[in-house]
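# Structural overview for review
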Amino acid sequence: MPAAGHNFLGTAAHFSTINAVGVVGTSPGRKEGPQKLCGVAKYIDDFVFPGCLWGVTFRSSIAYGLIKKITLDPAFPWEDCVVACAKDIPGNNFVSLIENDQPLLADKKTMHPMEPILLVAHTSRHRAYEALNYIRAEYECKEPVLSLEESLAKKRVIYGRDNVFKKFLIKKGSVKSGFAQADVIVEGEYRVPHQEQAYIENNGMAAYVDKKGVLTVVGSMQCPYYVQKTLKQIFNLPDNRVRVAQAVTGGGFGGKEEYPSILAGHAALLAWKAKRPVKMIYDRREDMAATTKRHPAWIKHKTGLTRAGRLVAQEIDIVMDGGAYATLSSVVLSRGTIHATGPYECPNVRVRSKAVATNTPPNGAFRGFGAPQTLFAVELHWEKIARVLRKDSLELRQLNLLKTGSITATGQTLSESVGAEEALQITAKKSDYLRKKKRYARWNRDNSRDKWHGIGLAVVHHGAGFTGSGEISLASRAAISLTRDGKIQILASSTEIGQGANTVLAQIVSETLGIPFDAVSVKTPDTHKVPDSGPTVASRTCMVVGGLLQCAAGALKSHAAKRLGRFPKNAKDWKTAAVLLCGKKPERRFEAGYKKPKELLWDDPAYRGDAYGVYSYAALAADLEVDKTTYAVRIRKITTAQDIGKAIHPLLAEGQIIGGIAQGIGYALLENSVFKNGVMQNSQLTNYMIPTSVDVAPTDVTIVENPYSRGPFGAKGLGELPMNAPAPAIAAAIYCATGRMITELPILPEKIAKSLEFTQK
Amino acid sequence: MLAIRLTLNRKKQIYRGNPFKRLIDVLRENFELTGTKEGCGEGECGACTVLLDGEPVNSCLIPICHADGRRVETVESLGSPGALSPLQKSFWKEGGAQCGICTPGMLMTALAWVRRGGSGDPDAIRRYLGGNLCRCTGYQHIVNSVIKALKMKTTKAARL
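If you're wondering where the values come from, they're calculated on a predicted model, not measured in any experiment. (Residues numbered from 1 in each chain as written. Chains lettered and ligands numbered in written order. Predicted model: local features only at pLDDT ≥ 70, side-chain atom pairs only at ≥ 80, totals over all residues.)

### Description of the sheet that holds strand 14 (residues 297-305) of chain A
Residues and elements named next belong to chain A. The sheet built from five strands is open, its strands ordered 8-16-15-14-9 with mixed pairing. Each edge of the open sheet carries a strand with a single partner, namely strand 8 (164-172) and strand 9 (184-192). Strand-to-strand twist in this sheet, taken as the mean axis angle between neighbours without regard to direction, amounts to 5°. Here nine bridges tie strand 14 to strand 15 (residues 311-323), and the two strands are oriented antiparallel to one another. In the strand pairing of strand 15, G304 is matched with A313. Contacting strand 8, strand 14, strand 15 and strand 16 (349-357), helix 8 (residues 329-339) runs over the sheet at an angle of about 25° to strand 8. Packing against the sheet, helix 9 (residues 371-389) makes contact with strand 9, strand 14 and strand 15, and its axis sits at approximately 145° to strand 9. (Pairing = 2+ DSSP bridges. Helix = DSSP H or I, 4+ residues; strand = E, 2+ residues; numbered from the N terminus. Axes fitted to C-alpha atoms, helices over the stretch in contact; angles between N-to-C directions. Contact = placed C-beta atoms within 7 Å.)

Now the structure itself:
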C-alpha cells in the first residue's frame, strides 16, 4: 500500500487545478439522499436478523450506593431469557475512553441513577421489557452528590480526593497588573443547563458472532473505531475478531460519540452469551434518561477595561458538571476553557476551570463540546460591560475582536483566515442592528404596545479538529481505492450522520482527481474495511479527513500519470490506468496519514501554544419580540455570517448553519431538563421541548470564505460553530426588549416574568 | 381470526392478528415497510407519519383496527431511488433531508399539504409541518423543498 508521505494538507492542492471538474463550491444532491427519501436507507431498527433476540437493560434506581443483591423473581419464566451481568464479561469491565473509569455494567456499586446493571434478552421485545419487572435489586444507599455546588463543597467525596475530574489553568500576561490598569471592572455570573441531543433516531445496536467467529456489531454511531476499542477489551479479542460497522444513522450531534460503545458492549455481551443475534433499540424515555447530555456549567467573569472599552484583563472561572464518571469531561472542559475568552484579544488573561463529579448520568459530547457554555457567558457579559461603559456592545466587540496577527489566551498567533471582523460587519449591516436597536428603544418606551421588541448580537469562534496535540495522537488515515475496472471509492471511518460527510468527501476527491462527482463512491464505515480516520467529531471531517483524502487522491493521480505517461483525462484513461496500477489485484489503495504541520506547536503541560490549526468565526443577530402578557418569546429573524474558509457544498453548509442555530434556539429558550434525585424527570419529547418549524425563524445566512491554507480547497471546520452563537444573542435581545438580563438558560417565560415582577405594578 | 382489510399504498391487503397492534408495527413487521420510522412512540415527533384516507396521522398512536376499510399511504408509495417523485426530488435538491430519519414522515405531511392545495406561504407551511420534528435542518430547507414542489406541481401538474 503506497502511502502518500506528504504533509496532511497542502501538497495535493495543485492537482485541483488540473482537469478541474468544478464540483467544489457547487451543491449536488447528497450522495445517499435518494435512499433516505424513499425510505429504503437501512437504519439499525430496519435490519432483520434471523433468530434475533431483543435485549433490554435493568438499571439502577438509586443515585449512589452498594448493590447488595439481585434476585430474579421465579414468577417469570427465566428459562426463555438470556441474562447477563458484569460477571459474564470475558475481559475488562470498563468502557475505553480517557480514564477507563466507567464500567460496562455496574458491579457491587452504582454511581448514578439509570446505570446499567443487568441485561436481558428474549425473542419478544414486549416480554423482554416485562422481565425487567421481575428483577429485584437490594441496595445499601449512600447520600449522593447531586449538584455542582454539592460537589464543590466536598462534604461527600465520590471521585478521587476532591470530586474533581480535571482542572485547567490558562495564563497570559498578568491579570493583577491588568486590573490595576483598568478604568472599570465588570463582574458577572452565568449558568447553563443540561441539553439533550435529541437526535430523532434513538440509540440502537445489533450484535452477532459470524461463522468465522468474528464478533460483529452494526448500529447507529459516530465513531466505529471507538466502539471497536471498547469491544476488544470487554471480550479480550484482537482487531480481526471484532468488527464494527455503521448503519445509516439518524442524527448524532455528539450524542452518538461515546455512548454507542456502551450499548454495543451490551448487545455484544448478550449475543456472545446467547450465541444468537441480539438487537437493542432504546425507546425515547430510556435514551433521554440514560444517555449523555451537554455539561451544565457555571461561569464567572471579572473583566477589566479602559474607559474607551479596550480589554485589559479577563479573569474567568468555570465549573462543569461531569456526572458520575470521567468519560469525555476533561476534553469538553478543555475546549470550553480555551474558548472562554471569546474571539477577542486581551493582554492579561487567567482562565481557571474544573469538571466535577456528581451522582448523575455522565454528561458528554454535544455539538460545540464545552464552547457553547463558555461562549454564552462571555458574549452576554459584553451587554453588562456595555451598560457600565454606556456604549453599544457592537462597538466594544469591534474594538477587541481577534484579527490576523492577534495572540490568543493560549499564546497562539493567528497567522491567517481570521474572519471575525468581516462576519460581524456583515451581520450588523444585514440585520440593521444599530438602527433597529434605536427604533426598538422608542417602541419599548410606548406602554400601549402589547409586545416588547429586541435585537441582540453575538460573535463566536470554534477551533477545528482535536485540541492541542490531539490530532497527532489520533494519527488518522484515509484512503482511496481504485478498482481494476476503474472505479474510485473513498475508504474512511468518518460517518455520515446527516451532516453530509459522504457528499463533501466525494466532492473533494472528485475535484482533486478531475473525475465526475457521480464516479466517486463512499464505502460504509466498517472497521474491517476502512482505515481509522479518527472519530466523526470536533468539526474535523471535512477539514482533516477531507485533507487526507485530497492527499491520497493526489498520490493516486500522480501514480496514474506516471504509468500512463500523462494525467488521466477521461473514463477510458482511468480504465487503462487502473489495469496498469492494479496489476492482477482487484484494487489498489492509496492511503494518506496525518502529519502535523511543523509550525503548529503545543505544550500540553503548560497548556500553551497552538490550540487549533485554525478557528472558524461567526456573528449572529437575533431579532425577537416578547409578549407582555404571556412573556412568550417569538424570534422574528436570525441574521448570521459565518467564516468557514470555503464552503465545499454551499447548500449543505447552509443546512449545517441553520440546523445548528435551531439547536441554539432550543438551548436558549425551550430545552429544560428537569432533574430530581439525579434522574431526568421529563425524558420525553412531550415535555422536553425541542424547536418545531414554528419556533425557529427565517434565517439569513452569509457564508464568509477566508481560506485556510492547510484545509482542502481552503475549508475549515463548520459543524459545531453555528451552535455557539444563538443563545447569547437571544439573551441579549431579551435584555434589549425587557431591560432584564437573564443570565441562566433556558430563558423560559416564567423566568422573564419573575425578573419583571419586582418592577411592574 | 378477525381480518382487517385495508388499501395499503394502492394495493388491497388483509391483516390478521391482534387488532390493537400499532399501525406502525403492522407496517414495519407484517408488511415489511420499514420506511416509516419510530422516533418517540407517543405521537410527539411525527417521524411515523403516514396518510390515513389522505390525512397525516401518527402511526404509533393508531391501532390497526382503525385502518379497517381505509386507505393507508406510506413513503414507499412515492418514488424509488432511481425515479424520485417530484416532492422527493425537491427535498433532494433543496437540502430538505439530512440524517433522513424524520424524512419519510415529513414527506407524508408535506404531501398532504401539496394535495390539499396548500399555499407557498412559508409561515403557513411552517404551521402545517409543526407536528413533525427535525433536529438537523432547522426546517428552512424543508420549507424551501415544499415551496419548490408546489411550483413543480403548478408548472407540470405532476403527480406528487
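### Considerations on the pairing of strand 19 (residues 488-491) of chain A
All names here are of chain A. Pairing of strand 18 (residues 477-483) with strand 19, which is carried by four bridges, proceeds in the antiparallel orientation. Residue pairing in the sheet places I480 in a bridge with I490 of strand 19. In this structure, the hairpin formed by strand 18 and strand 19 is closed by a connection of four residues, where G486 is found at a positive phi of approximately 85°. Sheet topology places strand 19 next to strand 20 (residues 520-522); three bridges connect them, and they run parallel. Counted as the bridge partner of I488 is V520 from strand 20. Taken together, strand 19, helix 14 (residues 501-513) and strand 20 form a β-α-β motif whose crossover is right-handed. (Right-handed = clockwise from strand over helix to strand, strands pointing away.)

### Looking at helix 1 (residues 23-30) of chain B
All names here are of chain B. Those residues of helix 1 that fall on the buried side of the exposure criterion are L23, I24, V26, L27 and R28. Contact partners of the buried residues in helix 1: strand 2 (11-16). Positive phi shows up at E32, right after helix 1, with a value of about 55°. (Buried ≥ 20, exposed ≤ 12 C-beta atoms within 10 Å, placed from the backbone.)

### Brief notes about the nonpolar core
Residue and element names in this part refer to chain A. Within the largest apolar cluster, 293 residues are counted, with the highest numbers of intra-cluster contacts made by A267, L549 and A552. At 12 residues, the largest contribution of residues to this core is made by helix 15 (residues 541-564). Excluding residues that lie within four positions of it along the chain, L549 makes contacts with A478, I480, I490, A492, L505, I508 and V509. (Core = buried A, V, L, I, M, F, W, Y, C linked by C-beta atoms within 7 Å.)

### Topic: the interface of chain A and chain B
Taken together, the contact between chain A and chain B spans 41 residues of the former and 44 residues of the latter. Mapped by element, the contributors of at least two residues to the side of chain A that touches chain B are helix 1 (33-38) and helix 17 (650-670) of chain A. If one sorts the elements of the side of chain A that touches chain B by residue count, helix 17 of chain A sits on top with seven residues.

### Concerning the packing of helix 5 (residues 224-235) of chain A against helix 6 (residues 259-274) of chain A
Residues and elements named next belong to chain A. Relative orientation of the contacting elements helix 5 and helix 6 amounts to 40°, with a least axis distance of 9 Å. As far as their axial angle goes, helix 6 and helix 5 are oblique. Pair helix 5 / helix 6 crosses with right-handed handedness. Taking contact as the criterion, the partners of Y226, V227, T230, L231, I234 and F235 in helix 5 are, on helix 6, P260, S261, A264, G265, A268 and W272. Its residues assigned to classes, the contact of helix 5 with helix 6 comprises nine nonpolar, three polar and no charged. (Parallel < 35°, antiparallel > 145°, perpendicular 65-115°, else oblique. Left-handed = near helix turned anticlockwise from the far one by under 90°. Nonpolar A, V, L, I, M, F, W, Y, C, P; charged D, E, K, R; others polar.)

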